[in-house]
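Single-letter residue listing:
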Amino acid sequence: MSSPSLATRAGRLSGGLAMRAAQAVLVALLVGILTFLMMQSLPGDMAYRIAAGRYGYDMVSAAAADAVRQELGLDRGPVTAFLIWMRDLATFDLGKSLISGEPVWHEIRHQLGASVQLAGAAIVLSLFMGPPLGILAGLKPGGMLDRVLLTVSAGIRALPQFLLALVLILLFAVQLGWLPAAGHGKPAHFVLPAVTLALGLAAFSARVTRDVMAGVAKAPFYQFARTKGLSDGQILLRHGLRNIGAPVLAFLGMQFVTLVEGVVIVESIFGWPGIGHALVHAIFGRDIPMVQGTALVLGLGFVLLNTLLDLVIQRIDPRRAA
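What you are looking at is a predicted structure, and each value in this text was computed from that prediction instead of being measured.

Quick look at the overall build of the chain
Next up, step 1: For the chain, the helix and strand inventory stands at 13 helices and zero strands.
Next up, step 2: Along its sequence from the N terminus, the chain presents helices and strands in the succession α-α-α-α-α-α-α-α-α-α-α-α-α.
Next up, step 3: Split into buried and exposed, the 322 residues of the chain put 39% on the buried side.
Next up, step 4: Relative to all contacts within the chain whose residues are 6 or more apart in sequence, the contacts with residues 24 or more apart total 71%.
Next up, step 5: Accessible surface for the chain amounts to roughly 17400 Å². Of this, 70% is attributable to carbon and sulfur atoms.

Spelled out as structure tokens, the structure:
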């Protein structure tokens, strides 16, 4: 009886991985097309903006812009340029930055590390804040904690992330002077940007966890556990956490999109040298290879993280384990 079950699970796993691989190819194609069209549609002289990024706006001239245009072959048609980028992408070559001249992979590898550190800190903070409060509120729906959590989470979700970042800067950096307003390299620099991202994630995860926990607490199997003489803590550990784990993790997978958007905004506000900050500068500088490369890495990272979450959910979900 075990071999068919193993074969079925292996088939589902391989099918899921094949679907994610196809999704990654589709993401690469869409990112390439959309970012290229976006950069081509931006107003202004691309050669002039690239020259300004290289030499500074005070030093740039029409001659420098013409030299950049000739050097980079910007007179080529957009279709030709796009086909060249797609050809290079097939060989895992993202080209070189038009501003710095460094390989895009080298630039992204340096910036991605800083973004991963910040995002990781934000996720850990949100997990310590959101799900525990959601569990407590879900165990007593309609109680004081539940009502307060609903009000606070709704307020945080309604607040734009850039405004939340500015409020934290004004309070903890300007008024109290406890933390630096921007920068990178010291543990204190993590606090404000990580808290800004974590509050938004925690506001969502707390409400989702609360709703899932309230539903599980009303389930017959959860009520039956009380008749066996188990304490509330034992019931929660044995039956509650495992049953809410899969829905909460699935929700976190959807929240990675929000996290990516938040990273771009928060890194720009706090001067964090990550991939989101680099993407904004690349757009202003018309650095097409950097824009396409960073957008591609963000898109593929979303696919990879969701694939890993799918594997974890299949492992912990009691309905699938059965």
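From this point, the narrative continues.
Some points on the nonpolar core
Next up, step 1: Of all hydrophobic cores here, the largest spans 29 residues; its most connected members are Leu-89, Leu-94, Ile-108 and Leu-296.
Next up, step 2: Elements that contribute at least two residues to this core include exactly α1 (2-41), α2 (46-55), α4 (78-90), α5 (104-139), α11 (275-284) and α12 (288-316).
Next up, step 3: Top element by residues in this core is α12. It accounts for seven residues.
Next up, step 4: Three or more residues apiece are contributed to this core by two domains, here domain 1 (6-91) and domain 2 (104-320).
Next up, step 5: For Leu-94, the contacting residues outside a window of four places in its chain are Trp-85, Leu-89, Val-104, Trp-105, Ile-108, Pro-289, Gly-293 and Leu-296.

A closer look at the pattern of salt bridges
Next up, step 1: Within the structure shown, the criterion is met by three salt bridges.
Next up, step 2: Measuring nitrogen to oxygen at the nearest pair gives 3.4 Å for the salt bridge that ties Arg-207 to Asp-146. Taken together, the residues span a long stretch of sequence, with Arg-207 in helix α8 (residues 187-217) and Asp-146 in helix α6 (residues 144-158) at a distance of 61 residues.
Next up, step 3: We classify Arg-207 as buried; its relative accessible area is 11%.

Points about the UniProt feature "transmembrane region" (unreviewed entry) in the chain
Next up, step 1: When the UniProt feature table is mapped onto this chain, "transmembrane region" (unreviewed entry) is found at residues 21-39, 118-139, 159-178, 190-208, 248-270 and 290-313.
Next up, step 2: Measuring from the first to the last C-alpha atom of residues 290-313 gives 34 Å, for a span that is 100% helix and 0% strand.

Examining α11
Next up, step 1: Listing the buried residues of α11 in full gives Ile-275, Gly-276, Ala-278, Leu-279 and Ala-282. Mapping the buried residues of α11 onto a view down its axis gives an arc of 160°, with all of them on the same face. The outward face of α11, more than 90 degrees from its buried face, is lined by the exposed residues His-281 and Phe-284.
Next up, step 2: Positioned one or two residues after α11, Arg-286 has a phi angle of 60°, which is positive.

Considerations on the packing of aromatic side chains
Next up, step 1: Within this structure, the stated rule accounts for two aromatic pairs.
Next up, step 2: Their ring planes at 45° and their centres at 6.1 Å tell us that Phe-172 and Trp-178 sit as a pair that is tilted.
Next up, step 3: Pairing Phe-190 with Trp-272 gives two aromatic rings, centres 4.8 Å apart and planes at 70°, and the pair type is edge-to-face. Of this pair, Phe-190 sits in helix α8 while Trp-272 is found in the loop between α10 (232-270) and α11, placing the two residues 82 residues apart along the sequence.

Concerning a nonpolar patch on the surface
Next up, step 1: A cluster of nonpolar side chains, contributed by Leu-26, Leu-29, Leu-30, Ile-33, Leu-34 and Leu-37, occupies part of the molecular surface with about 530 Å² of accessible area.
Next up, step 2: Within the element layout of this structure, Leu-30 appears in helix α1.
Next up, step 3: Looking at Leu-30, the relative accessible area reads 42%, which means it is partly exposed.

Focus: the packing of α8 against helix α9 (residues 220-227)
Next up, step 1: Between α8 and α9, the shortest axis-to-axis distance is 6 Å and the interhelical angle comes to 60°. In terms of orientation, α8 and α9 fall into the oblique class. Within the contact between the two elements, α8 uses Met-213, Val-216 and Ala-217 and α9 uses Phe-221, Tyr-222 and Gln-223.
Next up, step 2: Here the contact of α8 with α9 is built from residues that sort into five nonpolar, one polar and no charged.

Here we look at the packing of α5 against α11
Next up, step 1: Remark: α5 packs on α11, axes separated minimally by 7 Å, with the N-to-C direction vectors making an angle of 130°. On the basis of their axis angle, the class for α5 and α11 is oblique. Here Ile-108, Gln-111, Leu-112 and Ser-115 of α5 come into contact with α11, specifically with Ile-275, Gly-276 and Ala-278.
Next up, step 2: Its residues placed into classes, the contact of α5 with α11 shows four nonpolar, three polar and no charged.

Some words on the confidence of the model for the chain
Next up, step 1: Across the chain, pLDDT averages 77, with 86% of residues at or above 70.
Next up, step 2: When the elements of the chain are averaged for pLDDT, helix α13 (residues 318-321) gives the smallest value, 56, and helix α7 (residues 161-175) the largest, 89.

Details of the side chain of Ser-126
Next up, step 1: With respect to the helices and strands, Ser-126 occurs in helix α5.
Next up, step 2: Taking the relative accessible area as the measure of exposure, Ser-126 reaches 3% and is therefore buried.
Next up, step 3: Beyond its immediate sequence surroundings of up to four residues, Ser-126 is in contact with Pro-131, Ala-198, Leu-201, Ala-202 and Ser-205.

Considerations on the side chain of Thr-209
Next up, step 1: Position of Thr-209 relative to the elements: it lies in helix α8.
Next up, step 2: The class of Thr-209 is buried, set by a relative accessible area of 0%.

Topic: the environment of Asp-211
Next up, step 1: Relative to the assigned elements, Asp-211 resides in helix α8.
Next up, step 2: For Asp-211, a relative accessible area of 43% corresponds to the partly exposed category.
Next up, step 3: C-alpha separation for the pair Asp-211 and Gly-138, spaced 73 residues apart in sequence, amounts to 6.3 Å.
Next up, step 4: Within the structure, Asp-211 has its side chain in polar contact with the side chain of Arg-210 (distance 3.0 Å).

Rules used in this analysis
- Residues numbered from 1 in each chain as written.
- Predicted model: local features only at pLDDT ≥ 70, side-chain atom pairs only at ≥ 80, totals over all residues.
- Heavy atoms only, no water.
- Helix = DSSP H or I, 4+ residues; strand = E, 2+ residues; numbered from the N terminus.
- Buried < 20%, exposed > 50% of the residue type's maximum accessible area, 1.4 Å probe, protein only.
- Contact = heavy atoms within 4.5 Å.
- Areas by Shrake-Rupley, 256 points an atom, 1.4 Å probe, with all protein chains shown as cover.
- Core = buried A, V, L, I, M, F, W, Y, C linked by side-chain atoms within 4.5 Å.
- Domains from an automatic or database assignment.
- Salt bridge = Lys/Arg side-chain N within 4 Å of Asp/Glu carboxyl O.
- UniProt positions renumbered as here; feature names shortened; annotations may be inferred.
- Arc of directions from axis to C-beta.
- Phe/Tyr/Trp six-rings, centres within 6.5 Å; stacked < 30°, edge-to-face > 60°.
- Patch = residues over 30% accessible without salt bridge, like charges linked within 9 Å, V, L, I, M, F, W, Y side chains within 5 Å.
- Axes fitted to C-alpha atoms, helices over the stretch in contact; angles between N-to-C directions.
- Parallel < 35°, antiparallel > 145°, perpendicular 65-115°, else oblique.
- Nonpolar A, V, L, I, M, F, W, Y, C, P; charged D, E, K, R; others polar.
- pLDDT = per-residue confidence, 0-100.
- Polar contact = N/O pair within 3.5 Å; in protein donor to acceptor, adjacent residues only side chain to side chain.

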